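Structure at a glance
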Amino acid sequence: VDEVTDRLAFRRDWLAKEGIRPAQALLVRVRGDSMLPTLHDGDLVLIDRARTEGSKGRVYALVDVSGDTRVKRCERPDRATLVLRSDNPAHPLELRRGPDLDRLRIIGEVRWSGHTWR
């Protein structure tokens, strides 16, 4: 994930239907290939910062205290464990537990993506 890129107009009725409050929406550009084929390098994603539970294999943006920001599928098998999965099988699964889990913050759930055809 890169820094906030710009503004993009989303219809308020669509946001409301999806349960996204405009003040909680964040638009960023994805960097890297770890989420291929779902997300491509350069895709825009809309993140709902109100959704930070990190469960059910849904896609979330995360930041580590080191400053690394990433997009991964998250599963929480129990309260003390967070599983981070890439859609690209070339990237290994990560387990976060204990102090390592405390180093991670879920920014929000990816709710929309836009892909530029090249």
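Presented here is a report on the structure given in the accompanying data block. Residue numbers here run from 1 along each chain, matching the order of that chain's written sequence. The model is predicted, so local features are restricted to residues of pLDDT at least 70 and side-chain atom pairs to those at 80 or more, both for listing and for counting; the totals for chains, interfaces and linings are taken over all residues. Side-chain numbers come from the whole structure's heavy atoms, not from hydrogens or water.

**Description of the pattern of salt bridges**
Quick note on the threshold: Any Lys or Arg side-chain nitrogen located within 4 Å of an Asp or Glu carboxyl oxygen qualifies as a salt bridge.
Tallied over the entire structure, the rule returns 14 salt bridges. One salt bridge connects Asp100 with Arg96, and the closest N-O pair in it is separated by 3.4 Å. When salt bridges that share partners are traced, they join Lys17, Glu18, Asp48, Arg51, Arg58, Glu109 and Arg111 into one network.

**What to know about the side chain of Lys72**
Here is the rule: Helix and strand definitions here come from DSSP, where helices need a minimum of 4 consecutive H or I residues and strands a minimum of 2 consecutive E residues; each element is numbered from the N-terminal end. Only protein chains enter the calculation, and the probe is 1.4 Å; a residue is then buried if its accessible area is under 20% of its type maximum, exposed if over 50%, and partly exposed in between. In this count, Lys and Arg are taken as positive residues and Asp and Glu as negative ones, while His and the chain termini are left out. Polar contact is the term for a pair of N or O atoms within 3.5 Å; when the atoms are in protein, one must be able to donate a hydrogen and the other to accept it, and sequence-neighboring residues count only if both atoms are side-chain atoms. Residue contacts follow a heavy-atom distance rule, with two residues in contact if any of their heavy atoms lie within 4.5 Å.
One can find Lys72 in strand β4 (residues 69-78). One buried charged residue, Lys72, forms no salt bridge at all, with the nearest opposite charge on Glu94 at 4.9 Å. Only 3.1 Å separates the side chain of Lys72 from the side chain of Ser34, close enough to count as a polar contact. Apart from the residues lying within four places of it in its own chain, the contact partners of Lys72 are Ser34, Met35, Arg58, Val59, Tyr60, Leu62, Leu84, Arg85, Ser86 and Glu94.

**Side note on the sheet that holds strand β3 (residues 58-64)**
Short version of the rule: Whether two strands pair depends on DSSP finding at least two bridges between them. Only the stretch in contact is used when fitting a helix axis, every axis being a line fitted to C-alpha atoms; angles between N-to-C directions are given from 0 to 180 degrees.
One open sheet holds the seven strands; their spatial order is β1-β2-β7-β3-β4-β5-β6, and the pairing between them is antiparallel. The open sheet has two edge strands with one neighbour each: β1 (25-29) and β6 (94-97). The mean angle between the axes of side-by-side strands here comes to 45°, regardless of whether they run parallel or antiparallel. Of the strand pairs in this sheet, strand β2 (residues 44-48) and strand β7 (residues 104-114) are connected by five bridges, and their pairing is antiparallel. Paired with Leu46 across the strands is Trp112, a residue of β7.

By themselves, these observations are geometric and do not establish any function.
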